[in-house]
Protein chains: 2
Amino acid sequence: MPNLRRYLPVLDWSRSYDRRTLSNDLIAAVIVTIMLIPQSLAYALLAGLPPEAGIYASIAPIILYAIFGTSRALAVGPVAVVSLMTAAAVGQVAEQGTAGYAVAALTLAFLSGGFLLLLGIFRLGFLANFLSHPVISGFITASGILIATSQLKHILGVTAQGHTLPDLLGSIFSHLDETNIWTVAIGSAATGFLFWVRKGLKPLLKRMGTPALMADILTKAGPVGAVVATTVAVWWLELGAQGVNIVGEVPQSLPPFTRPEVSPDLVGALLLPAILISIIGFVESVSVAQTLAAKKRQRIDPDQELIGLGMANIGAAFSGGYPVTGGFSRSVVNFDAGAQTPAAGAFTAIGLAVAAVALTPLVYYLPNATLAATIIVAVLSLVDFSILGKTWSYSKADFTAVAATILLTLGLGVEVGVASGVAISVLLHLYKTSQPHFAEVGLVPGTQHFRNILRHAVETDPSLLTLRVDESLYFVNARFLEDLIQKRVVEGNGIQNVVLMFSAVNEVDFSALESLEAANQRLKDMDVGFHLSEVKGPVMDRLKATHFLDTLNGEVFLSQYDAWTKLRRSSSA
Amino acid sequence: MPNLRRYLPVLDWSRSYDRRTLSNDLIAAVIVTIMLIPQSLAYALLAGLPPEAGIYASIAPIILYAIFGTSRALAVGPVAVVSLMTAAAVGQVAEQGTAGYAVAALTLAFLSGGFLLLLGIFRLGFLANFLSHPVISGFITASGILIATSQLKHILGVTAQGHTLPDLLGSIFSHLDETNIWTVAIGSAATGFLFWVRKGLKPLLKRMGTPALMADILTKAGPVGAVVATTVAVWWLELGAQGVNIVGEVPQSLPPFTRPEVSPDLVGALLLPAILISIIGFVESVSVAQTLAAKKRQRIDPDQELIGLGMANIGAAFSGGYPVTGGFSRSVVNFDAGAQTPAAGAFTAIGLAVAAVALTPLVYYLPNATLAATIIVAVLSLVDFSILGKTWSYSKADFTAVAATILLTLGLGVEVGVASGVAISVLLHLYKTSQPHFAEVGLVPGTQHFRNILRHAVETDPSLLTLRVDESLYFVNARFLEDLIQKRVVEGNGIQNVVLMFSAVNEVDFSALESLEAANQRLKDMDVGFHLSEVKGPVMDRLKATHFLDTLNGEVFLSQYDAWTKLRRSSSA
């Protein structure tokens, strides 16, 4: 059943599952579970959903991904950027805290899952390539800033809203008078502590001679420590009565069965955000999965990944969750902790299910400020402006795309930001190809090789104009070619033959064919020969299917050297 | 003042204006004026505007184009496709026949003029290239069908509306019971007569020995004949009382001074249609102007044309008109009639102004059915499905773009149709470049030329893998390259060196640079050399600005033959 195994990778790895793999997977699951409990609550807060939604979104999706996904280490669940995008999308159709808001989040997960499945079934994973790496870097950096800013309100204890940097800052500023001093104390203590855990704790433990594995676990447990300490503080000092916002009642239950609403209105409003979330989620997930797979010389199949992530999102839609994807930090932790198969994910799901049933009363007094602190510390590590410098020195087009993505994401929100990033990259690429580079070439003496007459010392012949066309010819640049040939021939004196060297022409579309026909006709009228050289196989096949070669006022040469030998000799004879 | 002359071409041609040019221009103006009177009334009807709007739209715009435009023969005014697009755009914001409708049409002309001016000032005329020739052909054909169908209601005398083929046909069908028998009689007689004038009259006059110029004028005057005959018939037989719709009262005046409304709501609703109208109008106009200029070995400047057309549209906005552009049929008539300078256009404008003041009472009894007949006969000559066959046999991608443009224009209207045509062409181009053609190449014996091992009998060396990359490398295909190198090297046995032959690589963007770095690192880990050959100047300049060449686990060769000589020798040594 090789075909069934392609669609159900679980059939593949489960056959060689043994005691050793089991114990490795179990250890990884315990570590990841401890880390995921506060993280899941925090991301639900970021998405504007009740805290349990974050835990539910990590249970069914993980199990479904374990069955359908191809990465051995990817951990699926809520992630920061997707949570932010969920808040932005759902906030447009419903008020936070209403039942409609939660249903819209389920619907968003359902649409996103359906879209990913469709892409996977039709093997359209390559579409993710339209999101260039610089654009993703810029987008992640800007999102990190937006997310950190959006969490400031929880640290200050004020009400504020907005999906863009100016809105968020303006809203926080105008509510500064609501600041709660106790909340600020908890929030800044937690933030400071978590930054110290991240930067200072590990070196300290090392100096103290703690074993490496232990030091690692202690560092990872930092957020849990902050959660426990601040929860106890709030309960002990009765800070809830002082206006400190706490998580409060969380239902003690396994993930409920829920249903997305597929009304035309809601689907219409959420379809575009769902597509953007899917693509961002897929790209993030695939790049994490590929990085981790390469370290163990394993392979992942991007099209099957789409199916795995699609199923995970559909699972989230029917079990009280919201859009999920493969997360960077949780996957790295999973990998570092020694997870060997997707079963580690399934064990994590069991751990979270136990937490959902047994531990939720314990977080009643957990202050929102602590959750905000864990988010801020996590996302600020994503902020990295170095891509601006790197692209600036390499290519202004890439720089423009990155800078625009960052500015538009901060200024107009995540959806506009990422969509503009893609659009700008595509437009700049088309612009570059619309005015292609052409070089007049001559023979490098003593070889059969032809190069640009402006860059190399080469032999030329005044009766022979050879233009190397440095771009595929298609509608965007077809007219440019026609004008260029006309101009060069009119300028040059005594030109008897024009050769277009097609070594860099990878496509000639119908518009360009019409331009070549027009150029051929004009040169014929001027009594100038028109030749092609080094036409590639696929281009030649296509030209042969037309009348162009019959009417061509010249020849097609296999190599430019053949053209040079023949046309130079005939002109000097 | 060469600079001023660039922006005011009138300063150029007016210096050599003499008596002979004047008389040629005057004759052309008389012929064009006679043809334009019924055409202008008809196109106003198509745009849903009062008949005088069509005449007003031909006066100020013609004069402004004569000052700012570069074509000697282009005749600017209302044209069929732009009138249809105006009806579609304005119909969304106002009810036909209201004052708001006319104001919205002025605003549309103003926005369109402003957009064209902006493009012209920033010299962005190349943007029109995004509309490929096959897409334009498909769009014009579908628009012709839509226009002819929309005029059927006037031939039948029923009320019907819609901007798509199904809507129009459904609406006409459900109102068939309103059919007016007198209107049908006039409409079909006029349509039949005009078809006969177009196809049968000229050969007949020739056989009768009529001089060519006279035969030409008589053929061009066909619509005027139909107008006069049916107007007299309606007046004589008092058919207005029988329910035949007539043009009725038309104000006797010069173009009024009008003002577009630039409220945010109206601008928001009309901006996108205005941009589409501008681009379609510009492309149509430039292709007509280029065709006519080539016949007299003159040149037009596309960027200055944008300024000319922009001024013409702004003129239309302030003088009771609606969006205009250079029309195909009127320009050809102008050219054939011997127009030598834009002054012919100015004389036409004077003729139309006289008509607006003196002749408008004469069209009181003119039936709308006759105007509809002139439109139908004119636009059906634009319908040409042969582009479907031509593109089908050449390239399925081009065919897909044309077929989609035709179907979407007919099914969803002109705006969706043309926008989809552009989007589909761009996406198909990107799709083609996302999975580029790669060829493994070897040496053609006895030459220094390298070709595909699958297509040619060539020499190869098992330790040396040479891949010719047949596409520029950029974000859309960057990952593809990385995977391909990895796959080929793992498959091939005993490969010691990989050469990428970059003769067809015209760009390496930042994402692709990162892929090359990753490939270099992986090959280094496998102890395989990584080389480039035939890197073009512009690409090399860019690579030199990075650390890539320092870390390259191999060399950059000027020619593939150098790479072959060196790497083959070293491997056999």
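Computed from a prediction, not measured in an experiment: that's the story for all the values here.

Draft legend 1. Summary view of the interface of chain B and chain A. Taken together, the contacts link 59 residues of chain B with 59 residues of chain A. Carbon and sulfur atoms make up 57% of the area that chain B and chain A hide from each other, which totals about 5,600 Å². Its largest share of buried area at the contact with chain A, chain B owes to Y394(B), F475(B) and F510(B), together 15% of the area lost on that side. For D541(A), the salt bridge goes to R455(B), with nearest N and O atoms at 3.0 Å. Run the count over chain B and chain A and you get 25 residue pairs in polar contact (both at pLDDT 80 or more). Breaking the side of chain B that touches chain A down by element, the ones donating at least two residues are α8 (133–156), α13 (264–295), α18 (386–394), α20 (414–434), β5 (464–470), α22 (510–525) and α23 (537–544) of chain B. With 7 residues, α20(B) is the single largest residue contributor to the side of chain B that touches chain A. Grouping the amino acids of the side of chain B that touches chain A by side-chain chemistry returns 21 nonpolar, 22 polar and 16 charged.

Draft legend 2. Summary view of helix α12 (residues 222–237) of chain B. All names here are of chain B. Over its 16 residues, α12 extends 22 Å from the first C-alpha to the last, a length consistent with the 22 Å expected when each residue adds 1.5 Å. Within α12, the full set of buried residues consists of G222, A226, V227, T230, T231 and V234. One side of α12 holds all its buried residues, which, seen down the axis, span an arc of 155 degrees. In this structure, the buried side of α12 is in contact with α3 (19–47), α10 (181–207), α11 (212–220) and α17 (368–380). In the stretch just after α12, E238 is the one whose phi turns positive, near 50 degrees.

Draft legend 3. Quick peek at the pairing of strand β6 (residues 497–501) of chain A. Residue and element names in this part refer to chain A. Of all 5 residues that make up β6, 5 are buried, and the element is covered over most of its length. Burial of the side chains of β6 extends over both faces: N497, V499 and M501 are buried on one face and V498 and L500 on the other. In terms of strand pairing, strand β5 (residues 464–469) meets β6 through 5 bridges, oriented parallel. Along β6, the bridge assignment pairs L465 with V498. This β-α-β element, β5 to helix α21 (residues 478–491) to β6, shows right-handed connectivity. Relative to strand β7 (residues 529–533), β6 runs parallel, the two sharing 5 bridges. Following the sheet pairing, M501 is matched in β7 by S533.

Draft legend 4. View of unusual backbone geometry. The backbone of R123(A) sits at a positive phi, close to 55 degrees, despite the residue not being glycine. Mapped onto the fold, R123(A) is located in the loop between α7 (99–121) and α8 (133–156). For E534(B), which is not a glycine, the phi torsion comes out positive at approximately 55 degrees. Relative to the helices and strands, E534(B) resides in the loop between β7 (529–533) and α23. By relative accessible area, which is 16% here, E534(B) ends up buried.

Draft legend 5. Focus on the sheet that holds strand β4 (residues 450–452) of chain B. The strand order across the open sheet built from 6 strands is β4-β3-β5-β6-β7-β8 (chain B), with neighbouring strands paired in mixed fashion. The sheet is open, and its two borders are formed by β4 and β8 (556–557) of chain B, each paired with just one other strand.

Draft legend 6. Region of the structure containing the side chain of T409(A). Along the chain, T409(A) falls in helix α19 (residues 396–412). By relative accessible area, T409(A) is classed as buried at 0%.

Draft legend 7. Focus on the sheet that holds strand β3 (residues 438–443) of chain A. Residues and elements named next belong to chain A. Strand order in the open sheet made by the 6 strands is β4-β3-β5-β6-β7-β8, with mixed pairing throughout. Edge positions in the sheet fall to β4 (450–452) and β8 (556–557), since each has one partner strand and no second. Sheet analysis places β3 next to β4, joined by 3 bridges and oriented antiparallel. Each bridged residue has a counterpart across the sheet, and for V441 the counterpart in β4 is N452.

Draft legend 8. Region of interest: the packing of α8(A) against helix α10 (residues 181–207) of chain A. All names here are of chain A. Interaxial distance between α8 and α10 falls to 7 Å at its minimum, and their mutual angle equals 125 degrees. Relative to α10, α8 is oriented oblique. Along the contact surface, α8 presents H154, I155 and L156, while α10 presents T183, V184, G187, S188 and T191. Counted by class, the contact of α8 with α10 contains 3 nonpolar, 5 polar and no charged residues.

Draft legend 9. Spatial organisation of the packing of aromatic side chains. Residue and element names in this part refer to chain A. Counting across every chain of the model gives 20 aromatic pairs over all chains. Ring centres of F110 and F318 lie 5.9 Å apart, and the angle between their planes is 85 degrees; this geometry places the pair in the edge-to-face category. Note that F110 is positioned in helix α7 and F318 in the loop between α14 (302–317) and β2 (325–326), a separation of 208 residues in sequence. An angle of 15 degrees between the planes, with centres 6.1 Å apart, marks the rings of F257 and F318 as stacked. On the criterion of sequence distance, the pair formed by F257 in the loop between α12 (222–237) and α13 (264–295) and F318 in the loop between α14 and β2 is long-range, its members being 61 residues apart. You can call F257 exposed: its relative accessible area is 65%. For F318, a relative accessible area of 30% corresponds to the partly exposed category. Aromatic rings pair up to connect F110, F257 and F318 into one cluster.

Draft legend 10. Just the pattern of salt bridges, in detail. Taken as a whole and assessed by the stated rule, the structure comprises 14 salt bridges over all chains. The salt bridge involving K536(A) is made with D470(B); its shortest N-O contact spans 2.7 Å. Residue K536(A) is located in the loop between β7 and α23 (537–544), and its partner D470(B) is located in strand β5; the two belong to separate chains. D470(B) carries the same exposure label as K536(A), and that label is buried. In this structure, E440(B) engages R488(B) in a salt bridge whose closest nitrogen and oxygen atoms are separated by 3.5 Å. Of the two residues, E440(B) sits in strand β3 (residues 437–443) while R488(B) sits in helix α21 (residues 478–491), which places them 48 residues apart along the sequence. One network of salt bridges, in which partners are shared, links R468(A), D470(A) and K536(B).

Rules used in this analysis
- Residues numbered from 1 in each chain as written.
- Chains lettered and ligands numbered in written order.
- Predicted model: local features only at pLDDT ≥ 70, side-chain atom pairs only at ≥ 80, totals over all residues.
- Heavy atoms only, no water.
- Contact = heavy atoms within 4.5 Å.
- Buried area = accessible area lost by both parts, 1.4 Å probe.
- Salt bridge = Lys/Arg side-chain N within 4 Å of Asp/Glu carboxyl O.
- Polar contact = N/O pair within 3.5 Å; in protein donor to acceptor, adjacent residues only side chain to side chain.
- Helix = DSSP H or I, 4+ residues; strand = E, 2+ residues; numbered from the N terminus.
- Nonpolar A, V, L, I, M, F, W, Y, C, P; charged D, E, K, R; others polar.
- Expected span 1.5 Å × (residues − 1).
- Buried < 20%, exposed > 50% of the residue type's maximum accessible area, 1.4 Å probe, protein only.
- Arc of directions from axis to C-beta.
- Pairing = 2+ DSSP bridges.
- Right-handed = clockwise from strand over helix to strand, strands pointing away.
- Axes fitted to C-alpha atoms, helices over the stretch in contact; angles between N-to-C directions.
- Parallel < 35°, antiparallel > 145°, perpendicular 65-115°, else oblique.
- Phe/Tyr/Trp six-rings, centres within 6.5 Å; stacked < 30°, edge-to-face > 60°.

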